[in-house]
Amino acid sequence: MNPRLKKFIGTLVMVVFVILYALIVMTIAPRMVGPGTSKLVELMFYLIAGLAWALPLMPLIRWMERKPNPRT
């Protein structure tokens, strides 16, 4: 596959994933971090939620950056 096409497809998938991920976190956050929650728990939730989106996208990024196989 053409590297430019792979990067275009990967970018679209990443944008859609991050939007959906943000909507899910916004839905979960009020249940996890309520008014009586300590600041440490709130910090940990947002720290984990803010970094966790990258883990599922790592295989996609590797796929996007992989060099095309030379055809014989």
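Residues numbered from 1 in each chain as written. Predicted model: local features only at pLDDT ≥ 70, side-chain atom pairs only at ≥ 80, totals over all residues. Heavy atoms only, no water.

**Quick look at the overall build of the protein chain**
Operational definition: In this description a helix means any DSSP run of H or I spanning at least four residues, a strand means any run of E spanning at least two, and both kinds are numbered starting from the N terminus. Radius of gyration: C-alpha atoms only; globule rule: 2.2 Å multiplied by the number of residues to the exponent 0.38. In what follows, residue pairs with any heavy atoms lying within 4.5 Å of each other are defined as contacts. Computed with the Shrake-Rupley method and a 1.4 Å probe, the accessible areas treat only the protein chains shown as cover for residues.
The number of helices and strands found in the protein chain is 3 helices and 0 strands. Taken from the N to the C terminus, the helices and strands of the protein chain come in the order α-α-α. For a compact globule of 72 residues, the expected C-alpha radius of gyration is about 11 Å, and the protein chain comes in at 17 Å, more than 25% above that figure. With the C-alpha coordinates of the protein chain rotated into their principal frame, the extents come out at 65 × 20 × 10 Å. Counting contacts in the protein chain only where the partners sit at least 6 residues apart, residues at least 24 apart contribute 75% of the total. Accessible area for the protein chain stands at about 6000 Å²; split by element, carbon and sulfur atoms hold 73% of it.

**Section: the packing of aromatic side chains**
Heads up, the rule is: Only rings of Phe, Tyr and Trp enter the pairing, Trp through its six-membered ring, and a pair is recorded when the two centres are within 6.5 Å. The plane angle decides the type: under 30 degrees is stacked, over 60 is edge-to-face, the rest tilted.
On inspection of all chains with the given rule, the structure shows 2 aromatic pairs. Ring geometry for Phe 17 and Tyr 21: centres 6.1 Å apart, planes at 20 degrees, overall stacked. A residue pair is termed a helical-turn pair when its members lie 3 or 4 positions apart in one helix, as Phe 17 and Tyr 21 do in helix H1 (residues 3-32) at 4 residues. Each ring, one from Phe 45 and one from Tyr 46, has its centre 5.1 Å from the other, and the planes form 75 degrees; the classification is edge-to-face.

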